[in-house]
Amino acid sequence: MNSFNYTRAEDVAEAVREMAMDGKARFIAGGTNLIDLMKENVERPSRLIDITRLPLKEIYAGIDGGLRVGSLVTNTDVAYNEEVQRRYPLLSKAILAGASPQLRNMATVGGNLMQRTRCCYFYDTATLCNKREPETGCSAIAGFNRAHAVLGTSEHCIATHPSDMCVALAALDTIVHVKGPDGERAIPCVDFHRFPGDTPHMDTNLRPDEIITGVELPAKSFANNCSYLKVRDRASYAFALVSVAAALELEGETIKEARLALGGVAHKPWRDQDVEALLKGQRATTKNFRRAAEALLRDARGFSHNNFKIELAKRAIVRALSQASGEEMQ
Ligand SMILES: Cc1cc2nc3c(=O)[nH]c(=O)nc-3n(C[C@H](O)[C@H](O)[C@H](O)COP(=O)(O)OP(=O)(O)OC[C@H]3O[C@@H](n4cnc5c(N)ncnc54)[C@H](O)[C@@H]3O)c2cc1C
Ligand code: SF4
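Keep in mind that this is a model prediction, so the values were computed, not measured.

Caption draft 1: Looking closely at the overall build of the protein. The helix and strand tally for the protein stands at 13 helices and twelve strands. Computed over C-alpha atoms, the radius of gyration of the protein comes to 19 Å, within 12% of the 20 Å expected from 2.2 N^0.38 for 330 residues, which places it in the range of a compact globule. The dimensions of the protein, computed from C-alpha atoms along their principal axes, are 60 × 50 × 35 Å. The long-range fraction of contacts in the protein, counting pairs at least 24 apart against all pairs at least 6 apart in sequence, stands at 63%.

Okay, structure coming up:
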């Protein structure tokens, strides 16, 4: 049994102070990921800093016509918020494609951004895993890697980031707001999560002593032409094999702007702005969508059990873009 201390922070400054004092502490929000990891002996924090009473539970108008969502707003409250449903249906759909109603009632925005991979070896302490124990090896590369990444992998880790919410946030150009002992920072969501490289134990660019205070959705919301398509082994309560957040701005049949982010294929939500540029000015046709899909997956590399993901991702992109353009039912 691992013993740990428990502290409840009353304000953000106190939470940051407590974290700076103990390098092995962890914030706990909804607990839906952290408690599982503690039960499996993957996470062994010396202290839990309970942040559930911090005043970060509001959704309100942001700067420049956007929307600010506090990091402790639950996934349910984000997904069913009227303003989010009206202006950011892509985000609402992505969140509702994840987990179960009970989990979404507990899970928070900050916790969702910080949730860890579902790689089975990461959870199994009897196996080697560079993410859990740096420089020990990766059991997945020559192991059972059906759910693993096909883009942006390294020889040290081929895990995927499991979030649905983050795929929509990346597509929408969301900013993540954080606070630490040195003050506040704003990190574009596309730069928040990291590639595994030779430091796969580091999932994000959040510093160990920083707390996420909220996310800022920009004014541009692609409300009229968007789709979140999630392909998984079961119709619900399963992580994505591949997911696609697609958003278009159309003028007639011509694409004025396109956003495309993939989940389930990389260590972070995958966005390629060169491919989005390729769609700009093109007609919204299946042929052009397939061209974009081919370009997006051009550097994909499968492993023994997950080669199927490459073609699956291409087809999911074509379908999501067709749905976003209104050509196909959602
Ligand atoms: C069975 C199951 C199925 C699931 N299915 C899906 C799915 O299909 N799609 C999907 O996207 N997700 C899914 N999830 C994951 C779920 O969405 C996450 O567990 C949840 O979002 C984590 O939020 P939380 O508030 O409970 O985080 P916690 O468990 O409290 O914390 C998770 C991590 O985030 C850190 N943290 C929390 N808040 C902050 C903050 N404000 N600042 C800095 N660090 C912070 C904690 O220290 C911890 O390291 C599933 C989970 C389970 C258990
Ligand atoms: S893929 Fe990453 S998380 Fe999975 S075993 Fe390898 S190093 Fe660990």
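From this point, the discussion proceeds with the structure in view.
Caption draft 2: Spatial organisation of the environment of alanine 277. Mapped onto the fold, alanine 277 is located in helix α11 (residues 273–279). Overall, the relative accessible area of 48% leaves alanine 277 in the partly exposed class. Taking the C-alpha atoms as reference points, alanine 277 and proline 89, separated by 188 residues in sequence, lie 23 Å from one another.

Caption draft 3: Layout of the side chain of arginine 132. When you line up the elements, arginine 132 lands in the loop between α8 (120–123) and α9 (165–171). Buried and without a salt bridge, arginine 132 has glutamate 133 as its closest oppositely charged side chain, separated by 5.2 Å. Engagement of the side chain of arginine 132 in a polar contact is seen with the backbone oxygen of tyrosine 121, the distance being 2.8 Å. At a separation of 2.8 Å, a polar atom in the side chain of arginine 132 contacts the main-chain carbonyl oxygen of phenylalanine 122.

Reading guide: rules and limits
Throughout, residues of each chain are indexed from 1 in the direction in which the sequence is written. Throughout, the order in which chains and ligands are written sets their labels, letters from A for the former and numbers from 1 for the latter. Only residues with pLDDT of 70 or above have their local features reported here, since the model is predicted, and side-chain atom pairs are shown and tallied only from 80 upward, although totals for entire chains, interfaces and linings are computed over all residues. Heavy atoms throughout the structure, all of them, feed into the side-chain values; hydrogens and water do not. Here a helix means four or more residues in a row that DSSP labels H or I, a strand means two or more in a row labelled E, and each is numbered from the N terminus. The globule rule used here is 2.2 Å times the number of residues to the 0.38 power, and the radius of gyration it is set against is calculated over C-alpha atoms. Whether two residues are in contact is decided by their heavy atoms, any of which lying within 4.5 Å being enough. Relative accessibility decides the category of a residue: with a 1.4 Å probe and only protein chains considered, values under 20% of the type maximum give buried, values over 50% give exposed, and everything between is partly exposed. All tallies of charge rest on Lys and Arg as positive and Asp and Glu as negative; His and the ends of each chain are not included. Each reported salt bridge corresponds to a side-chain nitrogen of Lys or Arg within 4 Å of a carboxyl oxygen of Asp or Glu. We define a polar contact as two N or O atoms separated by no more than 3.5 Å, with the added condition that, inside protein, one atom must be a possible hydrogen donor and the other a possible acceptor, whereas residues neighbouring each other in sequence contribute only through side-chain atom pairs.

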